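Inside the fold
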Amino acid sequence: MHRLNVILLKEWRESLRNKMILFGAIFLPLFMVGAAVVMVYQGRGIDVPGAQIALFNTALMYFLILPAVIPLAIAAYSIIGEKEQGSLEPLLATPISDLELFLGKALASVIPALILTWGSFGLFLGLSIPLVGGIPPHVLTPPWIAAIFGLAPLLSLFSVGVTMLVSSRASDARAAYQVSSLAILPGIVPLIIYSSKKTLVSLFLVGLEGAVLIVASIIVLYFAIKVFRREQILTRWK
Amino acid sequence: MSNIAICAKNLTRDFDTVRAVDSLSLEIPQGIVFGFLGPNGAGKTTTIRMLAALIAPSSGEATVAGLHLGRENRAIRQHVGVLTETPGLYKRLSAIDNLLFFAKLYGVPEPRKQAERYLQLFELWDRRDDLAGSFSKGMRQKLAIARAMLHEPQILFLDEPTASLDPEAAKVVRDLIETLRTKERTIFLCTHNLDEADRLCDRVALFNTRLVAIGPPQELKERLYGRRTVIHLADPHPGLEDALKLSFIKKIERLDNTLVVSLSDPERENPILVSRLVELGAKVQFVNELRVSLEDLYLDLMEENNAST
Ligand SMILES: Nc1ncnc2c1ncn2[C@@H]1O[C@H](COP(=O)(O)OP(=O)(O)OP(=O)(O)O)[C@@H](O)[C@H]1O
Ligand SMILES: [Mg+2]
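These numbers were taken from a predicted model, which means no experiment stands behind them.

1. So, the site of ligand 1
By nearness alone, 15 residues border ligand 1, and Gly 41, Lys 44, Thr 45, Thr 46 and Glu 85 of chain B come closest of all. Around ligand 1, the nearby residues trace back to chains A and B. At 3.2 Å, a backbone N or O of Thr 235 of chain A approaches a nitrogen atom of ligand 1. One of the side-chain N or O atoms of His 192 of chain B is found 3.4 Å from an oxygen atom in ligand 1. Look at ligand 1: alone it shows 630 Å² of surface, and the protein chains cover 69% of it. With three residues, the single largest contributor to the shell around ligand 1 is helix α1 (residues 44–51) of chain B. For the shell around ligand 1, the residue count by class is five nonpolar, seven polar and three charged.

2. A closer look at the pairing of strand β2 (residues 18–29) of chain B
The two faces of a sheet get side chains in turn, since along a regular strand they alternate between them. As paired elements, strand β1 (residues 4–15) of chain B and β2 of chain B share eight bridges and run antiparallel to each other. Directly across from Phe 15 of chain B, in β2 of chain B, lies its bridge partner Val 18 of chain B.

3. Let's talk about the coordination of the magnesium ion (ligand 2)
All names here are of chain B. For the magnesium ion (ligand 2), the protein coordination sphere consists of Thr 45 (OG1) and Glu 85 (OE), at 1.9 to 2.2 Å. With Thr 45 in helix α1 and Glu 85 in the loop between β6 (80–83) and α3 (95–105), this pair connects stretches of sequence that are 40 residues apart. Judged by relative accessible area, which is 46%, Glu 85 ranks as partly exposed.

4. A look at the domain arrangement of chain B
Many authors give the size of an interface as the accessible area that is lost as the parts come together. Here chain B is described as being made up of domain 1 (4–215) and domain 2 (226–289). Taking the mean C-alpha position of each, domain 1 of chain B and domain 2 of chain B sit 46 Å from one another.

5. With respect to helix α8 (residues 217–225) of chain B
Turn by turn, an α-helix covers 3.6 residues, leaving residues three or four places apart pointing in a common direction. Residues and elements named next belong to chain B. Along α8, the residues classified as buried are Pro 217, Leu 220, Lys 221 and Tyr 225. Down the axis of α8, the smallest arc covering the buried residues is 105 degrees, so these residues share one side. Buried positions along α8 lie against α7 (194–200), β9 (203–208), β10 (210–215), β11 (227–233) and α11 (294–308). One or two residues past the end of α8 sits Gly 226, with phi positive at roughly 70 degrees.

6. Notes on the state of the cysteines
All names here are of chain B. Enumeration over the complete set of coordinates arrives at zero disulfides over all chains. The closest cysteine sulfur to the non-disulfide-bonded Cys 7 is located on Cys 190, 18 Å from its own sulfur. The exposure class of Cys 7 is buried, given its relative accessible area of 14%. Cys 190 carries a free sulfur, and the closest cysteine sulfur to it, the one in Cys 201, is 10 Å from it. On the basis of relative accessible area, Cys 190 is assigned to the buried category, the value being 0%.

Reading the values: the criteria
- Residue numbering note: each chain is counted from 1, following its sequence as written.
- Both sets of labels track the order of writing: A upward for chains, 1 upward for ligands.
- In view of the model being predicted, local features appear only for residues whose pLDDT reaches at least 70, and side-chain atom pairs are presented and counted only at 80 or more, with totals across whole chains, interfaces and linings using the full set of residues.
- To obtain the side-chain values, all non-hydrogen atoms of the structure were used and water was disregarded.
- Nearness here has a simple test: a residue counts as near a molecule or strand if at least one of its heavy atoms is within 4 Å of that partner.
- Counted as a polar contact is a pair of N or O atoms within 3.5 Å, where, for protein atoms, one must be capable of donating a hydrogen and the other of accepting one, and residues adjacent in sequence contribute only when both atoms are in side chains.
- Residue burial considers only the protein chains on display, and all accessible areas are found by Shrake-Rupley using a 1.4 Å probe.
- Going along the chain from the N terminus, every DSSP run of H or I of four or more residues is numbered as a helix, and every run of E of two or more is numbered as a strand.
- The nonpolar class holds Ala, Val, Leu, Ile, Met, Phe, Trp, Tyr, Cys and Pro. Asp, Glu, Lys and Arg form the charged class, and all remaining residues, Gly among them, are polar.
- The criterion for strand pairing is that DSSP finds at least two bridges linking the strands in question.
- Only N, O and S atoms count as donors, using a 2.8 Å cut-off from the metal and 3.2 Å for Na, K and Ca, and because water is excluded some sites may appear unfinished.
- The classification of residues rests on relative accessible area computed with a 1.4 Å probe and restricted to protein chains. Under 20% of the type maximum is buried, over 50% is exposed, and intermediate values are partly exposed.
- Boundary definitions for the domains trace back to an automatic or database domain assignment.
- The directions considered for the arc are those from the helix axis to the C-beta atoms.
- Any two residues whose heavy atoms approach within 4.5 Å are treated as being in contact.
- A pair of cysteine sulfur atoms is labelled a disulfide when the two atoms are within 2.5 Å.

Set out below in structure tokens:
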């Protein structure tokens, strides 16, 4: 536990010095919050059935893209950064366990992703309440809450697992980032498709997406853990 | 605790079809500097990785710091320090942050104090807050050695610590290594620099996938070449060799005015040899012991080894 904390703090210290990561971690959430506020603001008075709902669905989607996308850059740079610097071997020479290393890398991306997602959602509420004159409709209903607090962590986990797998094979952070972005698409495509629909998200749909993500994450994380073993890292990684 | 630092029995490692290390057996006593010498691709790094519990042997066994390789890997990692082939520092972290991170991972009781101690010891104190990425190669290497020392390991593995350093930086690092040896600490030094090995090591192993030879450098040289005395004469004095007639002379070679005499006990035999030469009218100018370098030994043994395989 102690070692895990040590790894996490080091990951964040390094990430904070990486402009690519900082840029993504600051601008992406701000952009999403801005866009979501605009959607909600425009949708506030619309009477056309379905139109308002589509706008709100899109706003929700923004908050589900964040947890999937933020870990990509952090994980890709942290793993490939270690490779480029040749720092994995000294790190593996310490008494850390393979699992501690894996969790350190995974949580170092998942935790900020969730903090930023939920922080953005809070900011969104804070900005839209005065603009719309009260809590925007739908936003604090069970499907939204289940999506923001249930789907977001699953999306992050899935995303981190994919990036860790891809990064173990790649030697260029940008390339790993791009490949991982493509690889997580199946996880967020349902959201994108659904966001154009004119029916409200239901708990059933959120649950369905959640179940699919749980299965996908378990598979991906299983392989990622296998790849994150000393022996593998030192002898098989490229 | 026994005073054997490392004991390996038939340690072997295969990579797919390549055998990198073949039945390596050795015993390294505590407190010595052990030189592990071999050409590129000999399997030196693979050996270090196995002994430091980073990768598993394909077969064979070892105890490291009295701990069983395979069963007590975590404890082994806690008791050994490794300077890897490349320094592998975090370029975006300052020198002190690099050390603090490792000190904490090793569970050093007072990480900051210990990091500061080594920064001072290694003369990096003034640059402690600079990013490791801004360091020169020599400074990086020093910082990397400091990192491997923070938890005061019983065994320190150094994988080519002076490769790619300029002569001055190499000397600094070499002197540093000298200061790290203590009665309790064993240093396992891989190097290509044979002069360095000759100077630093109490014992060396010549290795090329298999062990070629092992022993104190001086003993190895004597085993291979015997001991030889070089005598410079003022003039050629033909026929002198045959006139000597001393039974203890094993072999005598001549190059112009110089005689090279192989002896088994030069301390006792040289005075007799010299007085006999004077008796025969030879004008002796200089008498020296012929010193072979570890390099000669290495090159000869490796050649022999290549020829036999
Ligand atoms: N991960 C690996 N996969 C496949 N083969 C490997 C791997 N690591 C080492 N080898 C092979 O094992 C042999 C020994 O390599 P090793 O790096 O241990 O040699 P070395 O003595 O350290 O060489 P150098 O002096 O160049 O550092 C080489 O033939 C190398 O190609
Ligand atoms: Mg090597």
